[in-house]
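Below are the chains, spelled out letter by letter.
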Amino acid sequence: MTSLKDPETAAESHSNPEAALALGQLLLDTGQPLAAIKSFKSAAAGGNSTAMHLLGRMHQLGWGIPADPVLAADYYNRACSSGEPWSMFNLAELYLSGSGVAQSDDEAYRLYALAAKQGNAQSLNMLGMMAEDSRGPEGPEAALDHYLAAAAAGDGWGCFNAARLLIAQARSTRRWNGSTARSARVVPSICALWPMP
């Protein structure tokens, strides 16, 4: 059995992508990012989209290595083709900021929408933010629906943003219409389900 004292041999010895992924996570968690990359690459070569995503994340954020958003985008693209929703979310973030890829609100929106369809609640919040800022095919009037959907799916920022818009609506109209009042009752009950730190 190979120990963590020889992580490079351990990473090379795994023909099982799930085992290589688990080893890579262990190596990353114990401060061995270069060995983790080798193990994640082994898992990615076996088709593991989570390993591709983690390679993208390491390169995007510089986890133990210099940040390289171009390489991050490449790994995220590969993971996206396997349907990995967090890679769709993170690649959308790169497109939104123009980091490692050409800035494109349209591509960011498309990727957030795909991730949201895969169940990524934070993507719903980002769709709301894009709509609120008129950075996509929807205008600000669509933002609240996205925020409420994100909140209902358990996203704390979606809850915060929905409440923020509802309060702003009430202040701007100086009255509560039926829709605003109904939504204002829904947001606290949704937010109560989401554990705040």
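To be clear, the structure that these remarks concern was listed above.
Read on for an overview of the structure. The structure presented is a predicted model; accordingly, all values stated were derived computationally and were not measured.

1. Details of helix H4 (residues 49-61)
Compared with an ideal rise of 1.5 Å per residue, which puts 13 residues at 18 Å, H4 spans 18 Å between its outermost C-alpha atoms and is within 8% of the ideal. With 10 of 13 residues buried, H4 lies mostly within the body of the structure. Of the residues making up H4, those classed as buried are Ser49, Ala51, Met52, His53, Leu54, Leu55, Gly56, Met58, His59 and Gln60. Its side-chain oxygen placed 3.0 Å from the backbone nitrogen of Thr50, Asn48 serves as the N-cap of H4. Where H4 ends, the next residue or the one after it, Gly62, has phi of about 70°, a positive value.

2. Overview of the packing of aromatic side chains
Under the definition given, this model contains 3 aromatic pairs. Relative to Phe89, the ring of Trp86 has its centre 5.3 Å away and its plane inclined at 70°; by these criteria the two rings are edge-to-face. One end of the pair, Trp86, and the other, Phe89, are both in helix H6 (residues 85-97), 3 residues apart, so they sit about a helical turn from each other. For Trp86, a relative accessible area of 37% corresponds to the partly exposed category.

3. Some words on the pattern of salt bridges
According to the stated counting rule, one finds 4 salt bridges in the structure shown. A salt bridge links Arg164 to Glu132; its shortest N-O distance comes to 2.8 Å. Here Glu132 lies in helix H8 (residues 121-132) and Arg164 lies in helix H10 (residues 156-173), a separation of 32 residues in the sequence. Accessibility expressed as a relative area gives 31% for Arg164, which makes it partly exposed.

4. A short note on the side chain of His53
Position of His53 among the secondary structure elements: in helix H4. Take His53: its relative accessible area is 11%, and that puts it in the buried class.

5. A short note on the packing of helix H2 (residues 17-29) against H4
In contact at an axis separation of 10 Å, H2 and H4 are set at 25° when each is read in the N-to-C sense. Classed by the angle they form, the pair H2 and H4 counts as roughly parallel. The element H2 and its partner H4 pack so that their crossing is left-handed. Taking contact as the criterion, the partners of Leu21, Gln25 and Leu28 in H2 are, on H4, Thr50, Ala51, Leu54 and Met58. Class assignment of the residues belonging to the contact of H2 with H4 gives a composition of 5 nonpolar, 2 polar and no charged.

6. Observations concerning the nonpolar core
Counting residues in each nonpolar core, the largest one holds 23 residues, and the members touching the most others are Leu91, Leu94, Ala108, Leu111 and Tyr112. Looking at this core, the elements with two or more residues in it are helix H5 (69-80), H6, helix H7 (105-117) and H8. A total of 7 residues in this core trace back to one element, the largest contributor, which is H6. When neighbours within four sequence positions are excluded, Ala108 is seen to be in contact with Ala92, Tyr95, Leu96 and Met130. Core analysis: the second largest hydrophobic core is formed by 19 residues, Ala20, Leu23, Leu28 and Ala43 among them.

About the cut-offs
- Residues numbered from 1 in each chain as written.
- Predicted model: local features only at pLDDT ≥ 70, side-chain atom pairs only at ≥ 80, totals over all residues.
- Heavy atoms only, no water.
- Helix = DSSP H or I, 4+ residues; strand = E, 2+ residues; numbered from the N terminus.
- Expected span 1.5 Å × (residues − 1).
- Buried < 20%, exposed > 50% of the residue type's maximum accessible area, 1.4 Å probe, protein only.
- Polar contact = N/O pair within 3.5 Å; in protein donor to acceptor, adjacent residues only side chain to side chain.
- Phe/Tyr/Trp six-rings, centres within 6.5 Å; stacked < 30°, edge-to-face > 60°.
- Salt bridge = Lys/Arg side-chain N within 4 Å of Asp/Glu carboxyl O.
- Axes fitted to C-alpha atoms, helices over the stretch in contact; angles between N-to-C directions.
- Parallel < 35°, antiparallel > 145°, perpendicular 65-115°, else oblique.
- Left-handed = near helix turned anticlockwise from the far one by under 90°.
- Contact = heavy atoms within 4.5 Å.
- Nonpolar A, V, L, I, M, F, W, Y, C, P; charged D, E, K, R; others polar.
- Core = buried A, V, L, I, M, F, W, Y, C linked by side-chain atoms within 4.5 Å.

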